[in-house]
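Residues per chain, in single letters:
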Amino acid sequence: MKLFLDTANLAEIRTMWEIGILDGVTTNPSLVAKEGRVFEDVLKEICALGVPSVSAEVVATEKEGMLKEGRYLAALHPSIYVKCPMTSAGLAATKVLAAEGIRVNMTLVFSANQALLAAKVGATYVSPFIGRLDDHGEDGMALIRDIVQIYRNYHFATQVLAASIRHPVHVLDAAKAGADIATLPYGVMEKLVTHPLTDIGLARFLKDWEKVPKSVRVSPSDR
Ligand code: G3P
């Protein structure tokens, strides 16, 4: 499963990119607004790092406006994927953009039938928002399982991108359900790396290492 960061913060993206565990980035208008920066500048800087998939959302609500914005965003860099909302206009725009070779991430998906429609119009990614469904008293992960099943039944090429992830168990369950991608807030990605037993184990190894005669082993800094 690919792991994306759900952020428009360059420092966060750079940190995970340098570790080497980042496959892509998703942004949305709310995340961009938090940075207080020009949208295009942020996108270009993320792409310049070499991130191969960077989702950028249109804010038009009519088909023609979405097409104009989508073409504009896609032309900024080859790594840009255009996010269109799951509306009638969004579906119509996705169909046209996909036919032009522009990769679309269909966002704000909250039902399996919506995901079926996204696949039918040729979306490259479908983004079910699992955390917001959980917040609403529904089972977000059941939606991921349903979409994965439907796409397998009909051999759709659309990839399932689990979005609105709140904690590491969401990531684990999305992976078990067969999601192609999960997009994570920075704090959740950090939690995937760490485990208290790793820290305790490392501290113990280093302490024991002090007992090793240094004349027969090189010190860690000299290795
Ligand atoms: O970027 C789309 C999605 O991941 C938003 O998540 O936390 O605002 O529900 P959230």
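Bear in mind the structure is a predicted one, so any value in this text is a computation, not a measurement. (Residues numbered from 1 in each chain as written. Predicted model: local features only at pLDDT ≥ 70, side-chain atom pairs only at ≥ 80, totals over all residues. Heavy atoms only, no water.)

**A word on the overall build of the protein chain**
When helices and strands are tallied, the protein chain shows eleven helices and eight strands. By the burial criterion, 44% of the 223 residues in the protein chain qualify as buried. For the protein chain, the proportion of contacts with a sequence separation of at least 24, taken over those separated by at least 6, is 56%. Carbon together with sulfur atoms contributes 56% to the accessible area of the protein chain, which is approximately 11,600 Å² in total. Averaging the positions of the 24 positive and the 25 negative side-chain charges in the protein chain gives two centres separated by 5 Å. (Helix = DSSP H or I, 4+ residues; strand = E, 2+ residues; numbered from the N terminus. Buried < 20%, exposed > 50% of the residue type's maximum accessible area, 1.4 Å probe, protein only. Contact = heavy atoms within 4.5 Å. Areas by Shrake-Rupley, 256 points an atom, 1.4 Å probe, with all protein chains shown as cover. Lys, Arg positive; Asp, Glu negative; His and termini not counted. Charge placed at Lys NZ, Arg CZ, Asp CG, Glu CD.)

**What about the site of the ligand?**
Near the ligand, the surroundings consist of Asp 6, Asn 28, Lys 83, Phe 129, Arg 132, Ala 163, Ser 164 and Arg 166. Within the side chain of Arg 132, one N or O atom sits 2.7 Å away from an oxygen atom of the ligand. A distance of 2.7 Å separates an oxygen atom of the ligand from a polar atom in the side chain of Ser 164. Notes on the ligand: free accessible area 310 Å², of which the protein chains cover 82%. (Near = heavy atom within 4 Å. Polar contact = N/O pair within 3.5 Å; in protein donor to acceptor, adjacent residues only side chain to side chain.)

**As for the nonpolar core**
Ranked by internal contacts, the top residues of the largest apolar core, which has 64 residues, are Ile 144 and Tyr 151. A total of seven residues in this core trace back to one element, the largest contributor, which is helix H8 (residues 140-154). With near-sequence residues (within four places) excluded, Ile 144 lies in contact with Pro 128, Ile 130, Val 160, Ala 162, Ala 177 and Ala 179. Judged by nonpolar contacts, the second largest core, of seven residues, contains Phe 4, Phe 129, Ala 163 and Ile 181. (Core = buried A, V, L, I, M, F, W, Y, C linked by side-chain atoms within 4.5 Å.)

**Things to note about the pattern of salt bridges**
Under the counting rule described, the total for this entry stands at seven salt bridges. We note a salt bridge from Arg 145 to Asp 139, for which the minimum N-O separation is 3.8 Å. Take Arg 145: its relative accessible area is 45%, and that puts it in the partly exposed class. (Salt bridge = Lys/Arg side-chain N within 4 Å of Asp/Glu carboxyl O.)

**Focus on a nonpolar patch on the surface**
There is a patch of nonpolar side chains on the surface, built from Ile 19, Ile 21, Leu 192 and Val 193 and spanning about 330 Å² of accessible area. Within the secondary structure, Ile 21 is located in the loop between helix H1 (10-19) and strand E2 (24-26). (Patch = residues over 30% accessible without salt bridge, like charges linked within 9 Å, V, L, I, M, F, W, Y side chains within 5 Å.)

**Thoughts on the packing of H8 against helix H9 (residues 168-177)**
Axis separation between H8 and H9 bottoms out at 9 Å; the angle between their running directions is 20 degrees. Comparing the axis directions of H8 and H9 gives the class roughly parallel. As for the relative orientation of H8 and H9, their crossing is right-handed in sense. Of the residues in H9, those touching H8 at Met 141, Ile 144, Arg 145 and Val 148 are His 170, Asp 173, Ala 174 and Ala 177. (Axes fitted to C-alpha atoms, helices over the stretch in contact; angles between N-to-C directions. Parallel < 35°, antiparallel > 145°, perpendicular 65-115°, else oblique. Left-handed = near helix turned anticlockwise from the far one by under 90°.)

**Some points on the pairing of strand E6 (residues 125-128)**
Burial along E6 is two-sided: the residues Tyr 125 and Ser 127 and Val 126 and Pro 128 are all buried. In the sheet, strand E5 (residues 104-109) pairs with E6 via three bridges, with the strands oriented parallel. By the bridge assignment for E6, Asn 105 is matched with Tyr 125. For the handedness criterion, the β-α-β arrangement of E5, helix H6 (residues 112-120) and E6 is classed as right-handed. Relative to strand E7 (residues 159-162), E6 is paired through two bridges, and the arrangement is parallel. For Val 126, the partnering residue across the bridge sits in E7 and is Val 160. (Pairing = 2+ DSSP bridges. Right-handed = clockwise from strand over helix to strand, strands pointing away.)

**Observations concerning the layout of surface pockets**
The computed volume of the largest pocket comes to approximately 360 Å³. Lining the largest pocket are 24 residues, and of these Asp 6, Thr 7, Asn 28, Leu 31 and Pro 185 lie nearest its centre. With four residues, helix H2 (residues 29-35) is the largest single contributor of residues to the lining of the largest pocket. In this structure, the second largest pocket encloses a volume near 150 Å³. What lines the second largest pocket is simply Thr 27, Asn 28, Pro 29, Val 32, Phe 39, Glu 40, Glu 57, Val 59, Glu 69, Tyr 72 and Leu 73. Broken down by secondary-structure element, the contributors of at least two residues to the lining of the second largest pocket are H2, helix H3 (39-48) and helix H4 (63-76). Per-element accounting of the lining of the second largest pocket gives the leading share, three residues, to H4. A breakdown of the residues in the lining of the second largest pocket according to their chemical character gives six nonpolar, two polar and three charged. (1 Å grid on protein atoms, 1.4 Å probe; cavity = no way out; pocket = protein on both sides within 12 Å on 5 of 7 lines; lining within 4 Å. Points joined across faces, edges and corners; volume = space filled by probe spheres on them. Nonpolar A, V, L, I, M, F, W, Y, C, P; charged D, E, K, R; others polar.)

Nothing here speaks to function; it is geometry throughout.
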